[in-house]
Amino acid sequence: MPTNVFLLAIAAGIISAVVFTSATTGAVVLRVVLFLLTPLSLYLAGLGLGVIAGAIAAITATTAVMLITNPLTAEIYAISTAIPAFICTRFTLMSRGPEGEREWYPIGRIVVIAALFAGLFAMLALILMGGDIETLTKMLRGAVQAFVKSELSQIPGAPAIGEAEIDQITGSTLSTLPWALGLLAMATILLNLWLAGRITLASGRLVRPWPDLAQFKMPAGATLVLFVAIGLTFSGGMTGLLAAGVAAPFTLAFALVGLGLVHVLTRGSPWRSFILSSLYIGAILIPHIGLLLALVGLAETVFGYRTAGKPPVPPT
C-alpha cells in the first residue's frame, strides 16, 4: 500500500472519531448533523482508497474513540459506525466476471446489509438503555419529567402537564423509540454511503459504475424478515420493542423501493418534478406516506411492476 494512501486512511479514521465525540456537545441541531455525518470519512476511505484502506480507517477510528472515551463507547461506535462502513463499502466494490461483462454486487443486498446493521444498533441501544420494559419506562418518564420542569415551564402560556399526561407521553415515546432508533441508524448508513459514492464518483476514484438506484430490488428473503419482525412487535414486552427496532429499517428499505417505482413510472412526465418533490416532502412530514411507499415497495418486490411488459433478457 502506498504511504499516502495509508496516511489518508489513518486521517479518515481520526476525523470520524473526532466528529463522533464532538456529536455529544453543542446545539441539538448541530449534534444531529454531526451524528449523521460521523461515518462519512470512513465511507470515503473505503470507496475511494480501497477495501484495505477502509479497514485501516475503521480500526483507527475505533481505537481513537476508545482512547478518547472508554471501551464501551468504542464498542458501540464499532457496531454502529465502523463495522457497517467497512462491510457496506466492501460489498459495494465486490464484482465478478471478466472486465467487459463484470457483474457488481446488487444494490438491494447492500440495502439489506445496512438494514441488518441498523436493526442490530437499535436492539443494542434498547438493551443498553435498560434491557427491560420497567427500566426503559422509568428512564423515559424521568426524561419527560425533566423536560416539563426545566424547558416547558419556561415557555409563557405553555399548558400544564400533570402526571396522567406524563404517563401518556412516556407510553407513546416508549412505543416509538425503537422505530426512531432503527430509522435513524438506517438513514445514517444509506446517506453516508450515497454521499461518499457521489463524492468519489465526482473525483474519478469510484471504480464501480454509478447504478440506476430507482431500479434496485430487494431480495425475496427481506420480505420474510419484515413480516416476521412486524409479527413479533405484537408480542409486547421487550421482545416487541426489539422486533420493532428490526422492522423499522426494513420498512424504510421497502419504502425506498416504492419510491424507486415512482421515479421509474414518472420518467418523461411533465409532472415529474412536482410529483417527486411533493412525495419527498410529504414522506418527511407525514409518516403514513412512508408506510404507503413501503406497501408499494412490497408489491413491487412481489409482482415486479418495473419490469412488467419488458422482453426477457436472453441467458448468457
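Not measured: the values here are computed from a predicted model. (Residues numbered from 1 in each chain as written. Predicted model: local features only at pLDDT ≥ 70, side-chain atom pairs only at ≥ 80, totals over all residues. Heavy atoms only, no water.)

**Q** Describe helix α3 (residues 40-49), and please don't skip the residues or the numbers.
**A** With eight of ten residues buried, α3 is to be regarded as a mostly interior element. One or two positions beyond α3, positive phi appears at G50, with a value near 115 degrees. (Buried < 20%, exposed > 50% of the residue type's maximum accessible area, 1.4 Å probe, protein only. Helix = DSSP H or I, 4+ residues; strand = E, 2+ residues; numbered from the N terminus.)

**Q** Go over the side chain of H263 with me, naming the residues and quoting the values.
**A** With respect to the helices, strands and loops of the structure, H263 is situated in helix α10 (residues 237-265). Under the relative-accessibility criterion, H263 is labelled buried at 17%. Excluding its chain neighbours within four sequence positions, the residues that come into contact with H263 are A214, R272, L276 and Y280. (Contact = heavy atoms within 4.5 Å.)

**Q** Kindly report on the pattern of salt bridges, identifying the contributing residues and their values.
**A** Under the defined criterion, the tally for this structure stands at two salt bridges. One salt bridge connects E103 with R96, and the closest N-O pair in it is separated by 3.2 Å. The class for R96 is exposed, based on a relative accessible area of 57%. For the salt bridge of R267 with D212, the shortest nitrogen-to-oxygen distance reads 2.8 Å. (Salt bridge = Lys/Arg side-chain N within 4 Å of Asp/Glu carboxyl O.)

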